[in-house]
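What follows is the residue order along each chain.
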Amino acid sequence: MQIDTKYNVGDLIWVPRCYQEWDKEELNFEGEVWYKDIQKFKALAKQKRIVKIEASVNEIGNTLIMYYLINEDEGEGQMANVYAEELIHNYTEEEALQIAKEYEQREESYYGI
């Protein structure tokens, strides 16, 4: 049996990310210094690489294809995230960044694939 996959090992995929960050704001009031934590959101597009594909077929012929992805900029010693084929979107860098910016404007974190 031959199982065709949408992606291959080594393919690079852009994913949207929106991270929550905290900045400290310094306030001076009547000679005293106060600090306030300010919540911010940072939008970015992150590149992931497919490092492994697992395919399985059950007794009635249904296939399940799982992709193992790592962050491209973090080296080889990291643990892969696993996603089903239908959860992976083939965004361009610009599309992924635009999606992340939409979450940033709504002030929401987003870590989806």
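None of the values given here were measured: they were computed from a predicted structure.

Brief notes about the overall build of the chain
Move 1: Within the chain, the regular secondary structure consists of one helix and four strands.
Move 2: Helices and strands appear in the chain in the N-to-C order β-β-β-β-α.
Move 3: Structurally, the chain occupies a C-alpha span of about 75 × 30 × 25 Å along its principal axes.
Move 4: Counting over 113 residues, the chain shows a buried share of 27%.
Move 5: Carbon and sulfur atoms provide 46% of the accessible area of the chain, an area that totals close to 8000 Å².
Move 6: When the 12 positive and 24 negative side-chain charges of the chain are each reduced to one mean point, those points stand 1 Å apart.

Concerning the packing of aromatic side chains
Move 1: The full count for this structure, using the stated rule, is three aromatic pairs.
Move 2: For the pair Tyr-103 and Tyr-110, a centre-to-centre distance of 4.3 Å together with 20° between the ring planes defines the contact as stacked.
Move 3: Under the relative-accessibility criterion, Tyr-103 is labelled buried at 18%.
Move 4: Lying over the aromatic face of Tyr-103, Arg-106 brings its terminal NZ or CZ to 4.3 Å of the ring centre.

Section: the sheet that holds strand S3 (residues 63-71)
Move 1: The strand order across the open sheet built from four strands is S1-S2-S3-S4, with neighbouring strands paired in antiparallel fashion. Every interior strand has two partners, whereas the edge strands, strand S1 (12-29) and strand S4 (81-84), have only one. For this sheet the average axis-to-axis angle between neighbouring strands, irrespective of direction, equals 30°.
Move 2: Contacts from helix H1 (residues 93-105) reach S1 and strand S2 (32-57), with the element oriented near 140° to S2.

A look at the nonpolar core
Move 1: Counting ten residues, the largest nonpolar core consists of Tyr-7, Ile-13, Val-15, Ile-50, Ile-65, Tyr-67, Leu-69, Tyr-83, Ile-88 and Ile-113.
Move 2: Counting residues per element, the ones that place at least two in this core are S1 and S3.
Move 3: Here the element with the most residues in this core is S3; it accounts for three residues.
Move 4: Setting aside residues up to four positions removed in sequence, Tyr-7 forms contacts with Ile-13, Ile-50, Ile-53, Tyr-67, Glu-85, Ile-88, His-89 and Asn-90.

A word on a nonpolar patch on the surface
Move 1: Taken together, the side chains of Met-1, Ile-3 and Val-57 define a hydrophobic patch exposed on the protein surface, amounting to about 310 Å² of accessible area.
Move 2: Relative to the helices and strands, Ile-3 is located in the segment before S1.

Details of the pairing of S2
Move 1: Relative to S2, S1 runs antiparallel, the two being bridged by 18 bridges. Looking across to S2, one finds that Val-15 is bridged to Lys-46.
Move 2: Connecting S1 to the next strand, S2, in antiparallel fashion are two residues, including Glu-30 with a positive phi near 50°.
Move 3: One ladder, built from nine bridges, connects S2 with S3; its direction is antiparallel. Each bridged residue has a counterpart across the sheet, and for Val-57 the counterpart in S3 is Thr-63.

About the thresholds
- Residues numbered from 1 in each chain as written.
- Predicted model: local features only at pLDDT ≥ 70, side-chain atom pairs only at ≥ 80, totals over all residues.
- Heavy atoms only, no water.
- Helix = DSSP H or I, 4+ residues; strand = E, 2+ residues; numbered from the N terminus.
- Buried < 20%, exposed > 50% of the residue type's maximum accessible area, 1.4 Å probe, protein only.
- Areas by Shrake-Rupley, 256 points an atom, 1.4 Å probe, with all protein chains shown as cover.
- Lys, Arg positive; Asp, Glu negative; His and termini not counted.
- Charge placed at Lys NZ, Arg CZ, Asp CG, Glu CD.
- Phe/Tyr/Trp six-rings, centres within 6.5 Å; stacked < 30°, edge-to-face > 60°.
- Lys NZ or Arg CZ within 6 Å of the ring centre and 35° of its normal.
- Pairing = 2+ DSSP bridges.
- Axes fitted to C-alpha atoms, helices over the stretch in contact; angles between N-to-C directions.
- Contact = heavy atoms within 4.5 Å.
- Core = buried A, V, L, I, M, F, W, Y, C linked by side-chain atoms within 4.5 Å.
- Patch = residues over 30% accessible without salt bridge, like charges linked within 9 Å, V, L, I, M, F, W, Y side chains within 5 Å.
- Salt bridge = Lys/Arg side-chain N within 4 Å of Asp/Glu carboxyl O.

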